[in-house]
Amino acid sequence: MNSISMHTRRTALLAAAMLAASQANAAAIDVAAVTTDIAAQAAPVAAIGAAVLLLYVGIKAFKWVRKALS
């Protein structure tokens, strides 16, 4: 009977420790700075993407015109 009581007590202590640990980790993470930085990078990334696309289309158009003239 004593071992059952000891096991119950250990289980209760473990459950209480897990509950305390989960509540300590429940604090919200502040991600405002990260999302602001990502949003600030949208314009430069779009400009680079547009430049690459323009270069690709320019090369294809040049090859198309050159092929049509020959």
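Refer to the preceding data block for the structure.
Residues numbered from 1 in each chain as written. Predicted model: local features only at pLDDT ≥ 70, side-chain atom pairs only at ≥ 80, totals over all residues. Heavy atoms only, no water.

**A few points about the overall build of the protein**
Let me state the cut-off plainly: Put simply, DSSP H or I for four residues or longer makes a helix, DSSP E for two residues or longer makes a strand, and each gets a number counted from the N terminus. Exposure classes here rest on a 1.4 Å probe applied to the protein chains alone. A residue is buried below 20% of its type maximum, exposed above 50%, and partly exposed in between. Using a 1.4 Å probe, accessible areas were evaluated by the Shrake-Rupley method; residue-level cover was limited to the displayed protein chains.
Across its full length, the protein holds three helices and zero strands. Along the protein, helices (α) and strands (β) appear in the sequence α-α-α when read from the amino end. Across the 70 residues in the protein, those meeting the buried criterion constitute 0%. Counting only carbon and sulfur atoms, one obtains 73% of the accessible surface of the protein, whose full area is about 6600 Å².

**Let's talk about the packing of helix H2 (residues 32-40) against helix H3 (residues 42-69)**
Rules: Geometry is summarised by axes, namely lines fitted to C-alpha atoms with helices restricted to the contacting stretch, and by angles between N-to-C directions that run from 0 to 180 degrees. In this scheme, roughly parallel covers angles under 35 degrees and roughly antiparallel covers those over 145, while 65 to 115 is roughly perpendicular and the rest are oblique. Note on definitions: a residue-residue contact is assigned when non-hydrogen atoms from the two residues lie within 4.5 Å. For this classification, the nonpolar set comprises Ala, Val, Leu, Ile, Met, Phe, Trp, Tyr, Cys and Pro, the charged set comprises Asp, Glu, Lys and Arg, and every other residue, Gly included, is treated as polar.
Running from N to C, H2 and H3 cross one another at 30°; their axes reach a closest spacing of 4 Å. By the angle between their axes, H2 is roughly parallel relative to H3. Of the residues in H3, those touching H2 at Ile38, Ala39 and Ala40 are Ala42, Ala43 and Pro44. Of the residues that constitute the contact of H2 with H3, the class distribution is six nonpolar, no polar and no charged.

**Remarks on a nonpolar patch on the surface**
The criterion, for reference: Here a patch means residues that are over 30% exposed by relative accessible area and free of salt bridges, tied together within 9 Å if like-charged and within 5 Å if nonpolar (Val, Leu, Ile, Met, Phe, Trp, Tyr). Salt bridges, as used here, are contacts in which a Lys or Arg side-chain nitrogen is within 4 Å of a carboxyl oxygen on Asp or Glu.
Taken together, the side chains of Ile29, Val31, Val34 and Ile38 define a hydrophobic patch exposed on the protein surface, amounting to about 430 Å² of accessible area. Considering the arrangement of structural elements, one finds valine 34 in helix H2.

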